[in-house]
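If you want the building blocks of each chain, they are given just below.
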Amino acid sequence: MARQAVARAEEAGAVWTGPTTGPRAVPGKRVVVVAESMTNPGVAGVARGVQGAGRSIGWDVRVLDGQGGPAGIKAAFGEAIALAPSGIVIAGFDPASAAQEVGRANAARIPLIGWHAVAAPGPSSTPRLFTNVTTRVEDVAHISADWVIARSNGRAGVVIFTDSSIPFAERKSQLIRQRVEACADATVLAYENIPIPDATTRTPQEVASLLVRFGDRWTHSVAINDLYFAEAAPALQAGGRRGDGAPYSIGAGDGDPSAFARIRNRHFQSATVPEPLDQQGTQIIDEFNRAFAGRPPSGYVAPVHLTTVDNIDATTSWNPKGYQEAYRRIWGV
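All of these numbers come straight from a predicted model, not from anything done at the bench.

(A) View of the layout of surface pockets. Roughly 320 Å³ of internal volume is contained in the largest pocket. Lining the largest pocket are 18 residues, with His 305, Asp 313, Trp 318, Asn 319 and Lys 321 positioned closest to its centre. Looking at the lining of the largest pocket residue by residue, the class counts come to 7 nonpolar, 7 polar and 4 charged.

Written out as structure tokens, the structure is:
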């Protein structure tokens with residue numbers, strides 16, 4: 001079953017299955033992206049996608065960096081509200097961490113759209129979001145675990161890297177853990193909670209410790225974000241591991257350009273489940289356009305795709321084919 005799931009995911013997105021109809025572009029809008037941290041490659045990627053799509057539709061888009069912590073996020077959100085924008089993007093953080101600011105935006109009737117803001121795609125009543133743009137966390141978690149199971153013939157010794165301070169990430173990593181442990185001969189050796197802002201300093205130390213603790217029993221790694229593997233690579237190399245050898249690693253989300261480079265070069269990463277960051281940024285603009293036109297959200301959820309050493313090409317990202325043309329036809333631009 002895992003092998004079949006992996007084969008399907010490697011082919012996903014070859015044909016555009018998203019919206020092909022919707023309202024024409026509403027002119028003269030301003031959107032502010034409140035980013036959890038622009039050092040988070042996924043957040044930065046989707047912010048760039050929003051900016052690019054905003055330019056194509058003729059809107060003003062501004063990005064405010066929350067610097068990865070509650071105080072910074074609240075300050076950025078407050079600044080966003082003060083700008084009196086047409087809409088605000090909650091990019092990569094739990095709205096509960098800025099509940100007062102969310103309430104103020106709701107009271108001011110500023111539409112809010114999340115990216116990885118709540119657990120499920122689509123509209124949210126608590127917190128009040130017009131929609132939340134994300135792949136389904138269950139699908140991402142399952143295909144990540146399935147890749148490990150298929151790659152190891154069901155006999156993996158797995159280390160999971162997560163950031164438990166982000167509910168979305170914690171749920172994803174727990175689902176990965178459950179899926180791996182459902183395979184009788186696979187073992188979760190360690191569950192490493194390293195906050196994303198601390199990944200640069202803590203990951204190398206933790207990896208060195210894991211190598212000592214588990215040795216050759218550590219055959220595979222799964223992380224909720226590819227950035228952990230950028231930091232793990234030097235420690236693995238110092239520990240005598242080869243870039244194309246164990247532990248074989250998969251990023252359960254984002255798929256930033258450096259992850260594609262590591263996979264292509266077989267440098268301590270073998271696979272990623274890339275979010276279609278540019279397409280999702282474009283979708284956020286389209287969802288705002290629907291909100292401004294008094295229409296419901298599109299309901300589109302991008303398919304889960306798997307990029308591996310077997311299907312990687314020369315690109316540095318993954319997006320479903322034909323999405324830009326489809327959205328521009330909808331907007332009439």
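(B) Seen up close, helix H1 (residues 2-11). All buried positions along H1 are accounted for by Ala 2, Ala 5, Val 6 and Ala 9. The arc that holds the buried residues of H1, viewed along the axis, is 100°, so those residues lie on one side. Residues of H1 that are exposed and point more than 90 degrees away from the buried face comprise Arg 3, Gln 4, Arg 8 and Glu 11. Looking at the buried positions of H1, the neighbouring elements they touch are helix H5 (137-151). Gly 13 occupies a position one or two residues after H1 and carries a positive phi of about 90°.

(C) Fine view of the pattern of salt bridges. Enumeration over the complete set of coordinates arrives at 10 salt bridges. Notably, a salt bridge pairs Arg 171 with Glu 138, separated by 2.7 Å at the nearest N-O pair. Residue Arg 171 is found in helix H6 (residues 167-181), and its partner Glu 138 is found in helix H5; the two are separated by 33 residues along the sequence. Between Asp 146 and Arg 179 there is a salt bridge, and its shortest N-O distance comes to 3.0 Å. Linking Asp 146 in helix H5 with Arg 179 in helix H6, this pair joins segments that are 33 residues apart in sequence. Overall, Arg 179 belongs to the partly exposed group, its relative accessible area being 29%.

Parameters at a glance
- Residues numbered from 1 in each chain as written.
- Predicted model: local features only at pLDDT ≥ 70, side-chain atom pairs only at ≥ 80, totals over all residues.
- Heavy atoms only, no water.
- 1 Å grid on protein atoms, 1.4 Å probe; cavity = no way out; pocket = protein on both sides within 12 Å on 5 of 7 lines; lining within 4 Å.
- Points joined across faces, edges and corners; volume = space filled by probe spheres on them.
- Nonpolar A, V, L, I, M, F, W, Y, C, P; charged D, E, K, R; others polar.
- Buried < 20%, exposed > 50% of the residue type's maximum accessible area, 1.4 Å probe, protein only.
- Helix = DSSP H or I, 4+ residues; strand = E, 2+ residues; numbered from the N terminus.
- Arc of directions from axis to C-beta.
- Contact = heavy atoms within 4.5 Å.
- Salt bridge = Lys/Arg side-chain N within 4 Å of Asp/Glu carboxyl O.

Nothing here speaks to function; it is all geometry.
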